[in-house]
Amino acid sequence: MATNHLLEIKNHGQSIWMDNLSRDIIQSGELQNLVENQGISGITSNPAIFEKAITGNAIYDADIEAGMRAGLPTYKIYESLVFADIRNACDILRPVYDATKGLDGYVSIEVPPTIAHDTQATIDEARRYCQEIGRENVMIKIPGTDAGLPAVKATIAAGINVNITLLFAVESYVNAAWAYIRGLEKRVNEGQDISKIASVASFFLSRIDTNIDAKIDAKLQKGVDDINHEARLRAVRGKIAIANAKIAYQEYQNIIASDRWQALAAKGAKVQRLLWASTSTKDPSYSDVMYVNELIGHDTVNTLPPGTIKACADHCHVSDSLETGVAEAHNLIQSLKDPDININIEAVMSELLVEGIDKFVQPFQSLMNSLEEKLKVLSPV
């Protein structure tokens, strides 16, 4: 029988979550099978995933019609569909949550992307989502924006599990980690238990390489002075996202070694794990599992879309790779400042955050429009 490399990865201290959720995989038993037999121990979702799941899918029509008969506005109908899927997924993953004592078994749902820059609205929605979904193993996704991080602190202090999403820069990850810590500290100061709160910091990968590779390709297309210049440009192509992630993991280790973290750990706090997101390879010339193979390590999560899950089960090469090549990673990031390369990584990360929010807002609004259209079709004349 062929080896399932997803199960091997678990032995190296990394959890595999799936970046996909729909009613189809819940009702067909596919999700149950992935959890019980393929080593999948969590689920992430976002507005783009739900747009694909709901738009043009008749499986939701009965619930849409029920919402329409109840006189619900479009947004509330959307929530009724999504919350039901999240609850059912949470129930399927509850045995994992129990078996791992709350390390895994989570289902992530994002607050509306339209409020990414509104701290109080984010706090209010996170609380409401958690209350209405009503599952211990739900995790609320909050973007790591300037407005999002104070919301993370408040939400963690309220005892809600948080997935901090859209992290690109190492500095953004560090800020997210300290927002989690400050939330736990506030809760401790209020005499509350912190042992049942979990958080992940979702650090994005392929979008970084897509952005930087495009800049490199533009320089190559324009023409370079000599073969050495071309070689220096090609040397960083497809390498920056993984290098960036390895540096972020070094920062994670520094944080958990700090006195402030150790004081919380002594009170039962769970580490906030780095979660590798955006892990499907966009360039067909790259390995379809390169964002898995290169980033396997303890106390991390990798969230994979279905295609990457299948590819990894088949041909991932499993080793403790996350802490190898750290010096080379620093050199690669530093090389972007080379006059022959001249790519401003800070500007790239800022650009990606703006784009990332937009990539969630657009499908969210598109889904609202699609639901409006479906309501018209289903509405009795």
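Reading the values: the criteria
Residues numbered from 1 in each chain as written. Predicted model: local features only at pLDDT ≥ 70, side-chain atom pairs only at ≥ 80, totals over all residues. Heavy atoms only, no water. UniProt positions renumbered as here; feature names shortened; annotations may be inferred. Core = buried A, V, L, I, M, F, W, Y, C linked by side-chain atoms within 4.5 Å. Buried < 20%, exposed > 50% of the residue type's maximum accessible area, 1.4 Å probe, protein only. Contact = heavy atoms within 4.5 Å. Axes fitted to C-alpha atoms, helices over the stretch in contact; angles between N-to-C directions. Helix = DSSP H or I, 4+ residues; strand = E, 2+ residues; numbered from the N terminus. Parallel < 35°, antiparallel > 145°, perpendicular 65-115°, else oblique. Left-handed = near helix turned anticlockwise from the far one by under 90°. Nonpolar A, V, L, I, M, F, W, Y, C, P; charged D, E, K, R; others polar. Salt bridge = Lys/Arg side-chain N within 4 Å of Asp/Glu carboxyl O. Disulfide = S-S within 2.5 Å. Pairing = 2+ DSSP bridges.

The chain is annotated in an unreviewed UniProt entry as Transaldolase from Sphaerospermopsis reniformis. Listed under Subcellular location (unreviewed entry) in UniProt, the entry text for the chain is "Cytoplasm". Quoted verbatim from the Pathway (unreviewed entry) field of the UniProt record, the comment on the chain reads "Carbohydrate degradation; pentose phosphate pathway; D-glyceraldehyde 3-phosphate and beta-D-fructose 6-phosphate from D-ribose 5-phosphate and D-xylulose 5-phosphate (non-oxidative stage): step 2/3."

Residues L21, L31, I86 and Y173 are the most contacted members of the largest nonpolar core, which totals 129 residues. Residues within four places of L21 in sequence aside, it is in contact with I26, L31, I43, S45, I49, F50, A53, D85, I86, A89 and V107.

Taken N-terminus to C-terminus, the directions of helix 6 (residues 74-99) and helix 7 (residues 119-133) make an angle of 60 degrees; their axes are 10 Å apart at the nearest point. Between helix 6 and helix 7, the angle is such that the two are oblique. The hand of the helix 6/helix 7 crossing is right-handed. In this structure, helix 6 contributes Y75, K76, E79, F83, I86 and R87 to the contact, and helix 7 contributes E125, R128, Y129, E132 and I133. Of the residues belonging to the contact of helix 6 with helix 7, the class tally is 5 nonpolar, no polar and 6 charged.

Take the pattern of salt bridges next. Here the idea is simple: oppositely charged side chains can pair when their charged atoms come close. Counted according to the given criterion, the structure contains 20 salt bridges. A salt bridge links R273 to D104, with the shortest nitrogen-to-oxygen separation between them at 2.8 Å. Taken together, the residues span a long stretch of sequence, with R273 in strand 7 (residues 273-277) and D104 in the loop between helix 6 and strand 3 (106-110) at a distance of 169 residues. Judged on exposure class, the residue R273 and its partner D104 are both buried. Where K186 meets E190, a salt bridge forms, and the shortest distance between an N and an O atom there is 2.7 Å. Take E190: its relative accessible area is 43%, and that puts it in the partly exposed class. Overlapping salt bridges bring together K76, E79, E125, R128 and E132 as one network.

Turning next to the UniProt feature "active site" (unreviewed entry) in the chain. The positions UniProt marks with the feature "active site" (unreviewed entry) are K141. Turning to its location among the elements, K141 is positioned in strand 4 (residues 138-143). The residues contacting K141, other than those within four sequence positions of it, are T44, S45, N46, S108, I109, E110, V111, N163 and T165.

As a further point, take the state of the cysteines. What is meant by a disulfide is a covalent connection between two cysteines, made through their sulfur atoms. This model, assessed by the stated rule, comprises 1 disulfide. Disulfide pairing places C312 opposite C316 at an S-S distance of 2.2 Å. Residues C312 and C316 share a disulfide whose torsion about the S-S bond is about -115 degrees; that sign makes it left-handed. Not engaged in a disulfide, the cysteine C90 finds its nearest cysteine sulfur in C130; these two sulfurs lie 9.6 Å apart. Under the relative-accessibility criterion, C130 is labelled partly exposed at 22%.

On to unusual backbone geometry. Even without glycine at this site, K101 takes up a positive phi of about 55 degrees. The residue K101 is located in the loop between helix 6 and strand 3 in this model. Residue classification places K101 among the exposed positions, given a relative accessible area of 73%.

This part is about the sheet that holds strand 4. The pairing of strands in a sheet comes from backbone hydrogen bonds and takes either a parallel or an antiparallel form. The strand order around the closed barrel formed by 8 strands is 1-2-3-4-5-6-7-8, and the pairing between neighbours is parallel. Neighbour-to-neighbour, the strand axes of the sheet open up by a mean angle of 30 degrees, direction not taken into account. Strand direction decides the pairing type here: strand 1 (residues 14-19) and strand 8 (residues 300-304), joined by 5 bridges, are parallel. Within strand 8, the position partnered with M18 by the bridge is L304.

Right, let's talk about the side chain of T155 for a bit. Its place among the elements puts T155 in helix 8 (residues 148-157). You can call T155 buried: its relative accessible area is 2%. The residues contacting T155, other than those within four sequence positions of it, are I123, A126, I142, I160 and V162.

Right, let's talk about helix 4 (residues 47-54) for a bit. Across the 8 residues that make up helix 4, a large majority, 6, are buried. Listed in full, the buried residues belonging to helix 4 are P47, I49, F50, E51, A53 and I54. A positive phi of about 70 degrees marks G56, the residue just after helix 4.

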